[in-house]
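Report on the structure
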Amino acid sequence: MSVTALGRFRAVFLGAPGAGKGTQAKQLVGSQSVLHISTGDMLREHVGQDTELGRKAKSYMDSGQLVPDDLIIAMVQDRLDRPDADQSWILDGFPRTVPQAMALDSCLGEERGLSHVLYFRVPSEKLVERLAGRQTCSSCGAIWNRFSKPTQQEGVCDLCGGTLTQREDDKPEAVTKRLEVYTAQTEPLLAHYRDQGVLVEIDADRSSELVFEELLNALSQDA
Ligand code: AP5
């Protein structure tokens, strides 16, 4: 299916750390005009620029915990208030707690409500392996994997020649914490969105290409 066939959508990507949300979002954004609003990327940018928010968020992120709701909600509300948010967008990594989901519901209102919530389902043992192998390009942000999607030259991005880095929170202790936090605080959102009738489950324990096909199919249909 061609990506240009999609109508306007306002989608949330839900799933555990390493489920492939960022990989799928980048592929979608690469093929049409869609805003990719990734709270993880936004926070990492704040940390990199040493802003006040970045300084507050860093220790939570490095240890695998969630950044406090009030900081995240304000950051996302501000992003959704910008004029370009009237096009299709993907919220990747937000909401992650019930208070965040409630804040999003009230920020969007009924008229501008979510069209789809895509849940990328992957067994936890696969998540650990994916996170252990993930490498991110420090220049263009491309996502690679030492095991499943290696670059031609070790440590160098195939797309732009940039240097690959491992995220601080992909180290084993932080990964364990992130998976615990996901189960306790984010999984309850599945019921929240199932009740709203917008949840679509995607079996994401398959090749990225197959997952992408299913994603396009889901976005082309009303939830
Ligand atoms: P964030 O950056 O959002 O991290 P995450 O949700 O933990 O998700 P990841 O980026 O780890 O995984 P992903 O699903 O995008 O997987 P990817 O595509 O990279 O958040 C980081 C931190 O910021 C949080 O811990 C928290 O502290 C803070 N934060 C962010 N949002 C917050 C919020 N709303 N509230 C509070 N705090 C917040 O893929 C992973 C690897 O798998 C890659 O190497 C990839 O190549 C590989 N892969 C992908 N798809 C496949 C496939 N189909 N088969 C095999 N390998 C695959």
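Described in the following lines is the structure provided in the data block. Quantities reported herein were computed from a predicted structural model and do not represent experimental measurements.

1. Focus: the packing of aromatic side chains
The tally for this structure, following the rule as stated, stands at 1 aromatic pair. Taken together, a centroid distance of 5.0 Å and an interplanar angle of 65 degrees make the contact between phenylalanine 13 and phenylalanine 120 edge-to-face. Of this pair, phenylalanine 13 sits in strand β1 (residues 10-15) while phenylalanine 120 sits in strand β4 (residues 116-121), and the two are 107 residues apart along the sequence. The class of phenylalanine 13 is buried, set by a relative accessible area of 1%. Between lysine 149 and the ring centre of tryptophan 144, over which it is positioned, the NZ or CZ distance is 5.1 Å.

2. What to know about the sheet that holds strand β3 (residues 89-92)
Ordered in space as β2-β3-β1-β4-β8, the 5 strands form an open sheet in which the pairing is parallel. The open sheet has two edge strands with one neighbour each: β2 (35-38) and β8 (199-203). Direction aside, neighbouring strands of the sheet carry axes that sit 25 degrees apart on average. Pairing geometry for β1 and β3, over 4 bridges, is parallel. Its bridge partner lying in β3, valine 12 is registered against leucine 91.

3. Details of the site of the ligand
Close contacts around the ligand come from 35 residues, with Thr23, Gln65, Arg96, Arg134 and Arg178 the closest. Between the ligand and serine 208 there is a distance of 3.5 Å, counted from a nitrogen atom to a backbone nitrogen or oxygen. The set of elements that each furnish at least two residues to the shell around the ligand consists of α1 (21-31), α2 (39-49), α6 (124-133) and β6 (143-145). Sorting elements by how many residues they give to the shell around the ligand places α2 first, with 4 residues. Broken down by class, the residue content of the shell around the ligand amounts to 13 nonpolar, 13 polar and 9 charged.

4. Quick notes on α6
Every buried residue of α6 is listed here: Leu127, Leu131 and Gly133. Buried residues of α6 fall within an arc of 165 degrees about the axis and therefore sit on the same side. In this structure, the buried residues of α6 make contact with β5 (134-137), β6 and α7 (172-186).

5. Considerations on empty space enclosed by the protein
Within this structure, the stated rule accounts for 1 cavity of 30 Å³ or more. The volume enclosed by the largest cavity comes to roughly 40 Å³. Around the largest cavity, the lining residues are Ile73, Val76, Gln77, Leu80, Phe94, Gln100, Ala103, Leu104 and Cys107. Listing elements by their share of the lining of the largest cavity, those giving two or more residues are α4 (69-80) and α5 (98-108). Classifying every residue of the lining of the largest cavity by side-chain character gives 7 nonpolar, 2 polar and no charged.

6. Examining the sheet that holds β6
Read from one edge to the other, the open sheet built from 3 strands follows the order β6-β5-β7, with strand pairing classed as antiparallel. Each edge of the sheet is formed by a strand with only one pairing partner; in this case those strands are β6 and β7 (164-165). Along the sheet face, α6 touches β5 and β6 and points at about 40 degrees away from the line of β5.

Thresholds, definitions, all that
- Position labels on residues start from 1 in each chain and follow its written sequence.
- Totals for whole chains, interfaces and linings use every residue, but because this is a predicted model, local features are given only for residues with pLDDT of at least 70 and side-chain atom pairs only at 80 or more, for both listing and counting.
- As a convention, hydrogens and water are excluded, and side-chain values are obtained from all of the structure's heavy atoms.
- Centre distance within 6.5 Å is the pairing criterion for rings of Phe, Tyr and Trp, where only the six-membered ring of Trp is used; planes under 30 degrees apart are then read as stacked, over 60 as edge-to-face, and the remainder as tilted.
- Starting at the N terminus, helices and strands are each numbered in turn, a helix being any DSSP run of H or I of at least four residues and a strand any DSSP run of E of at least two.
- Exposure classes here rest on a 1.4 Å probe applied to the protein chains alone. A residue is buried below 20% of its type maximum, exposed above 50%, and partly exposed in between.
- Only Lys NZ and Arg CZ are tested; either one counts as a charge over a ring when it is within 6 Å of the ring centre and within 35 degrees of the ring normal.
- Strands were regarded as paired on the criterion that DSSP finds at least two bridges between them.
- Here an axis means a line fitted to C-alpha atoms, over the contact stretch when the element is a helix, while the angle between two N-to-C directions is reported on a 0 to 180 degree scale.
- Here, proximity means that at least one heavy atom of the residue falls within 4 Å of the molecule or strand.
- Polar contact is defined as a pair of N or O atoms within 3.5 Å, subject to the rule that within protein one atom must be able to donate a hydrogen and the other to accept it, and that residues adjacent in sequence are counted only when both atoms are side-chain atoms.
- By the convention adopted, Pro, Cys, Tyr, Trp, Phe, Met, Ile, Leu, Val and Ala count as nonpolar, Lys, Arg, Asp and Glu as charged, and the other residues, Gly among them, as polar.
- The reported arc concerns the directions from the helix axis to the C-beta atoms and nothing else.
- In this analysis, two residues are considered to be in contact whenever any of their non-hydrogen atoms come within 4.5 Å of each other.
- A 1.4 Å probe that fits into a set of points on a 1 Å grid over the protein atoms alone but cannot get out defines a cavity; an open set with protein on both sides within 12 Å along at least five of seven lines defines a pocket, and lining residues are those with an atom within 4 Å of a point.
- Grid points are joined across faces, edges and corners, and a volume is the space filled by probe spheres set on the points.

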